[in-house]
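# Report on the structure
One-letter residues, chain by chain:
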Amino acid sequence: MRGGIVAGTLIAVPACVRAPVESVAVPRVEPLASITPAPAPFIEPAINPARIGGVRRALLEKALAARDTHRRTITKRDRIAVVDFGAGSSAPRMHLVDIANGRVTDLLVAHGSGSDPAHTGYLQYFSNVDGSNASCEGAFATSDYYVGKHGRSQRLLGLDPTNSNALARAIVVHGAWYAEPNMLATHGKLGRSQGCFAVGDAFLQRAFDHLGEGALIYAAKA
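The following refers to the structure shown. (Residues numbered from 1 in each chain as written. Predicted model: local features only at pLDDT ≥ 70, side-chain atom pairs only at ≥ 80, totals over all residues. Heavy atoms only, no water.)

## Examining the overall build of the chain
How we decide: Runs of E in the DSSP output that reach at least two residues are strands. Runs of H or I that reach at least four are helices, and both are numbered from the N terminus. The buried label goes to any residue with under 20% of its type's maximum accessible area, the exposed label to any with over 50%, and the partly exposed label to all in between, with areas taken from a 1.4 Å probe on protein chains only.
When helices and strands are counted, the chain shows 4 helices and 8 strands. Each helix (α) and strand (β) of the chain, taken in turn from the N terminus, gives the series α-β-β-β-β-β-α-β-α-β-α-β. Across the 222 residues in the chain, those meeting the buried criterion constitute 41%.

Structure representation (structure tokens):
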């Protein structure tokens, strides 16, 4: 080489060029809210009056019709009590009915002295009048419990014109010595209440356990 310097040819290699990438909007996924499952729908127990023995069919059908008529007040619909005042007080005429399985428990129950002035053992008539000491008929809704002169008792709400004064008259379910079965051996009938549904003290809790609050008691003679 003649004193000349041969310059190397520089080859520029361009860096990798990235194609522009479009910005893609990614939808925001909200966290799943806590979902409370809807309550199971209430299934009305199938009613077959023919399966419910020991209760007069006509009276039972009236009681079930009353339960439907007063469905806003009668919230406990799987059980009722039917009081058949067409029978004498020596018969177990308060029928505690379990609608779902047709099981019936029968209890003695007294009627009011004003409904049977001669104390025949049979209810002669009803009255809704305060001070009459008579039993009243129709549909009742069981209400709260309290302790009064007869011990633990349960208030009743009269739902018909024939018993609309039940709460004011203090027509309740309570226990009483004169409604015990041993009265039948001595007198052949129960004693009388002042219009309340009086059952034997030994059987009162059985009635309370069956009814609770919001159940139907239907009382009639025919």
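## Digging into the pairing of strand 5 (residues 151–158)
Selection rule: Pairing between strands requires that DSSP locate at least two bridges from one strand to the other.
Note: strand 4 (residues 138–148) against strand 5, 7 bridges, orientation antiparallel. Residue pairing across strands places Thr142 opposite Leu156, the latter belonging to strand 5. Hairpin connection, strand 4 to strand 5: the antiparallel pair is bridged by 2 residues. Note: strand 5 against strand 6 (residues 172–176), 2 bridges, orientation antiparallel. Bridge pairing in strand 6 links Arg155 to Val172.

## With respect to helix 1 (residues 57–69)
Note the cut-off: Given the number of residues in a helix, its expected span is that number minus one, multiplied by 1.5 Å. The directions considered for the arc run from the helix axis to the C-beta atoms. The contact criterion used throughout is that any non-hydrogen atoms of two residues lie within 4.5 Å.
Here helix 1 is 13 residues long and its end C-alpha atoms lie 18 Å apart, about the 18 Å a rise of 1.5 Å per residue gives. For helix 1, the full list of buried residues reads Leu59, Leu60, Ala63, Leu64, Ala66 and Arg67. Projected down its long axis, helix 1 carries its buried residues within an arc of 155°, all on one side. Against the buried residues of helix 1 lie strand 1 (79–84), strand 4 and strand 8 (216–220).

## With respect to the pairing of strand 6
Burial analysis of strand 6 places 5 of its 5 residues in the buried class, the great majority of the element. In strand 6, alternate side chains face the same way, and those of Val172, His174 and Ala176 on one face and Val173 and Gly175 on the other are all buried.

## Quick word on the packing of aromatic side chains
Aromatic ring pairs are defined here through the distance separating the ring centres and the angle between the ring planes. Note the threshold: Ring pairs shown here join Phe, Tyr and Trp side chains whose ring centres sit within 6.5 Å, with only the six-membered ring taken for Trp; geometry is labelled stacked below 30 degrees between planes, edge-to-face above 60, and tilted in between.
What the rule picks out here adds up to 5 aromatic pairs. For the pair Phe140 and Phe197, a centre-to-centre distance of 5.3 Å together with 85° between the ring planes defines the contact as edge-to-face. Of this pair, Phe140 sits in strand 4 while Phe197 sits in strand 7 (residues 197–200), and the two are 57 residues apart along the sequence. A relative accessible area of 0% places Phe140 in the buried class. The exposure class of Phe197 is buried, given its relative accessible area of 2%. Note on Trp177 and Tyr178: the rings are 5.7 Å apart at their centroids and 85° apart in plane angle, and the pair reads as edge-to-face. On the basis of relative accessible area, Trp177 is assigned to the exposed category, the value being 60%. Looking at Tyr178, the relative accessible area reads 12%, which means it is buried. Here a set of aromatic residues connected by ring pairs shows up, and it is made of Phe85, Phe126, Phe140 and Phe197.

## Concerning helix 4 (residues 204–211)
Of the residues making up helix 4, those classed as buried are Leu204, Ala207, Phe208, His210 and Leu211. Buried residues of helix 4, seen end-on, are gathered within an arc of 165° and therefore sit on one face of the element. Looking one or two residues past helix 4, Gly212 carries a phi angle of roughly 65°, positive in sign.

## Digging into the nonpolar core
We count it as follows: The criterion is simple. A nonpolar core is a set of buried Ala, Val, Leu, Ile, Met, Phe, Trp, Tyr and Cys residues joined through side-chain atoms within 4.5 Å.
Ranked by internal contacts, the top residues of the largest apolar core, which has 24 residues, are Val83, Phe85, Met94, Phe140, Val173, Phe197 and Ile217. Breaking this core down by element, the ones donating at least two residues are strand 1, strand 2 (94–98), strand 7, helix 4 and strand 8. Per element, the largest residue contribution to this core is 4 residues, and it comes from helix 4. Setting aside residues up to four positions removed in sequence, Phe85 forms contacts with Arg93, Ala110, His111, Leu123, Phe126, Ser135, Phe197, Ala219, Ala220 and Lys221. Judged by nonpolar contacts, the second largest core, of 17 residues, contains Ile52, Leu59, Leu60 and Ala63.

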